[in-house]
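# Chain and residue survey
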Amino acid sequence: MAPNSVPDISLNDGNTIPQLGFGVFQIEPKDTAQAVSRALEIGYRHIDTAEMYGNEAEVGQAVRTSGLDRGEVFVTSKLSNAFHRPDDARKAFESTLAELKFDYLDLFLIHWPLPTRYDGDFVSTWRVLEELQRDGRVRSIGVSNFQVAHLERLATEAEVTPAVNQIEVHPYFANEEVRAYGKAHNILTEAWSPIAQGKVLDDPTVVDIAEEVGRTPAQVVLRWHVQRGDIVFPKSTTPSRIEENFQIFDFALDDAAMDRINGLDKGEAGRQGPNPDTFDYLPE
Ligand SMILES: NC(=O)c1ccc[n+]([C@@H]2O[C@H](COP(=O)([O-])OP(=O)(O)OC[C@H]3O[C@@H](n4cnc5c(N)ncnc54)[C@H](OP(=O)(O)O)[C@@H]3O)[C@@H](O)[C@H]2O)c1
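How each quantity is defined
All residue numbers here refer to positions counted from 1 along the written sequence of the relevant chain. Totals for whole chains, interfaces and linings use all residues, but because this is a predicted model, local features are given only for residues with pLDDT of at least 70 and pairs of side-chain atoms are given and counted only at 80 or more. In computing side-chain properties, one takes all heavy atoms of the structure into account and sets aside hydrogens as well as water. One heavy atom within 4 Å of a molecule or strand is enough for the residue carrying it to be called near that molecule or strand. Pairs of N or O atoms within 3.5 Å make up the polar contacts considered here, provided that, within protein, one atom can donate a hydrogen while the other can accept it, and that residues adjacent in sequence are counted only when both atoms are side-chain atoms. Every accessible area reported is derived by Shrake-Rupley at a probe size of 1.4 Å, with residue values counting cover from the shown protein chains alone. Definitions used throughout: a 1 Å grid over protein atoms alone; a cavity as a set of points that fits a 1.4 Å probe which cannot get out; a pocket as an open set with protein on both sides within 12 Å along at least five of seven lines; a lining residue as one with an atom within 4 Å of a point. Should more than half of a molecule's atoms lie within 2 Å of a pocket's or cavity's grid points, that molecule is taken to sit in it. Secondary structure elements follow DSSP: runs of H or I no shorter than four residues count as helices, runs of E no shorter than two count as strands, and numbering proceeds from the N terminus. Each residue gets one label: Ala, Val, Leu, Ile, Met, Phe, Trp, Tyr, Cys and Pro are nonpolar, Asp, Glu, Lys and Arg are charged, and the others, such as Gly, are polar. For every residue, the accessible area (1.4 Å probe, protein chains only) is compared with the maximum for its type, and the residue is labelled buried under 20%, exposed over 50%, or partly exposed between those bounds. Residue contacts are defined here by distance: any two heavy atoms, one from each residue, within 4.5 Å place the two residues in contact. Among the buried residues, those of types Ala, Val, Leu, Ile, Met, Phe, Trp, Tyr and Cys that are joined through side-chain atoms within 4.5 Å form a nonpolar core. In this analysis, strands are considered paired if DSSP registers two or more bridges between them. Note on handedness: a crossover is taken as right-handed if, strands pointing away from the viewer, the path from the first strand over the helix to the second is clockwise. To obtain an axis, a line is fitted to C-alpha atoms, over the contacting stretch when the element is a helix, and the angle between two such axes runs from 0 to 180 degrees between their N-to-C directions. Note on terminology: angles under 35 degrees are roughly parallel, angles over 145 are roughly antiparallel, angles of 65 to 115 are roughly perpendicular, and the others are oblique. Here a crossing is called left-handed whenever its near helix is offset anticlockwise from the far helix by less than a right angle, and right-handed whenever the offset is clockwise.

## So, the site of the ligand
D48, S193, K235, S236 and T238 are the nearest of the 29 residues found near the ligand. One of the backbone nitrogen or oxygen atoms of V24 is found 3.3 Å away from an oxygen atom of the ligand. Within the side chain of S144, an N or O atom sits 2.8 Å from a nitrogen atom of the ligand. Protein chains shield 88% of the accessible area of the ligand, which is 900 Å² for the free molecule. One can see that the ligand is located within the largest pocket. A total of three residues in the shell around the ligand trace back to one element, the largest contributor, which is helix α9 (residues 239-246). Grouping the constituent residues of the shell around the ligand by class yields 12 nonpolar, 12 polar and five charged.

## Focus on helix α8 (residues 217-227)
Along α8, nine of the 11 residues are buried, which leaves the element largely enclosed by surrounding structure. For α8, the set of buried residues is A218, Q219, V220, V221, L222, R223, W224, H225 and V226. In this structure, the buried side of α8 is in contact with β9 (188-192), α7 (204-213), β10 (231-232), α9 and α10 (255-262).

## Considering the nonpolar core
Counting 73 residues, the largest nonpolar core has F22 and L253 as the members making the most contacts within it. Among the elements that make up this core, the one with the highest residue count is helix α1 (residues 29-42) (six residues). Residues within four places of L253 in sequence aside, it is in contact with I209, V213, V220, R223, W224, Q227, M258 and I261. Counting residues in hydrophobic clusters, the runner-up holds 15 residues, among them I9, F74, L107 and F233.

## Some words on the pairing of strand β7 (residues 138-144)
Counting buried residues along β7, six of its seven residues qualify, which places the element largely inside the surrounding structure. Bridge count between strand β6 (residues 105-110) and β7: five bridges; the pairing is parallel. Within β7, the residue paired with F108 across the bridge is I141. As a crossover connection, the stretch from β6 through helix α4 (residues 123-134) into β7 is right-handed. Sheet topology places β7 next to strand β8 (residues 164-168); two bridges connect them, and they run parallel. Residue pairing for β8: S144 is matched across the bridge by Q166. Handedness of the crossover joining β7 and β8 through helix α5 (residues 148-157): right-handed.

## Structural notes on the pairing of β9
Most of β9 sits out of view: five of its five residues are buried. What you see with β9 is no split at all: L188, E190 and W192 on one side and T189 and A191 on the other are buried throughout. As judged from the five bridges shared by β8 and β9, these two strands associate in the parallel manner. Within β9, the position partnered with E168 by the bridge is W192. Between β8 and its parallel partner β9, the chain crosses via helix α6 (residues 176-184), and the hand of that crossover is right-handed. The pairing of β9 with β10 spans two bridges and is classified as parallel. Residue pairing across strands places E190 opposite I231, the latter belonging to β10.

## Examining unusual backbone geometry
Glycine aside, a negative phi is what most residues show, and trans is what most peptide bonds show. Positioned with a positive phi, L114 is a non-glycine residue whose angle comes to about 50 degrees. Structurally, L114 is set in the loop between β6 and α4. Even without being a glycine, Q197 presents a positive backbone phi close to 55 degrees. On the secondary structure map, Q197 appears in the loop between β9 and α7.

## Some words on the packing of α1 against α9
Their axes nearest at 10 Å, the elements α1 and α9 cross at an angle of 40 degrees. It follows from the interaxial angle that α1 and α9 lie oblique. Relative to α9, α1 is oriented so that their crossing is right-handed. Between α1 and α9, the residues in contact are A35, R38, A39 and I42 and P239, I242, E243 and F246, respectively. Of the residues that constitute the contact of α1 with α9, the class distribution is six nonpolar, no polar and two charged.

Shown next, in the form of structure tokens:
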């Protein structure tokens, strides 16, 4: 059997990112350090957090106590929806670094475009991320939940092309239009909720393929993502699943299996999370 090693993918700014990471959305702060420590022990070297997840401090703690050098672990965080105004965004980034107790961040994202808030202005927010990257405080910058129109606006009005766009993608919502824009413009797609928070795992097609290849449904779906070239960071607080989700680089799906999973796309109807064109949540 081929050894299981996670490929590094090149970003458009020359940095690299491990294709598989560990997501910490909806992990309680009290459980986060333990889950991240387990992931790092298993071999994950990429953690995806956000200011709005409320667990940056615990992510930082797990990385710092892991025995790994800071440079061995790729850490992403995201700007809270509450802080899009430029001065707030600068302060929020400092607070993210302070929570993590890091002197730099690998990747910082605008979490949501919020086109109906802040007079529709996410461009001045993006310019702050450009500034932070110039200052060397963050190595790579990107966006999350940006639709094609939002990416086109950055292409016209901003200097730096986002390195990634982190969007909802799974077999029930393949999000092809936004992925295709990314592919054409050298913006890597990061697929959030890659197993649709577990909802695709009972799908008969996924279950059949899992039986055929002798893997679990989660491994099959995560493998489908990586063969499409996307970056994934499944979340789990269950130690056996954290391990299972890591074992996806020692087998492959053939074209027929890929096509059968591609066929599960329900378009907009398959979306599980909010639509970025209308999502306007601001934390208290
Ligand atoms: N940018 C954004 O707006 C955004 C939005 C959502 C998510 N994200 C990112 O994407 C990451 C992943 O997305 P997600 O957390 O929404 O969902 P997900 O990774 O698709 O699914 C997580 C759920 O699936 C279960 N699970 C995990 N591995 C499993 C396995 N092998 N077998 C069966 N069940 C399994 C987990 O349960 P247990 O924990 O109980 O094991 C949990 O309930 C997040 O943590 C976050 O980093 C970003």
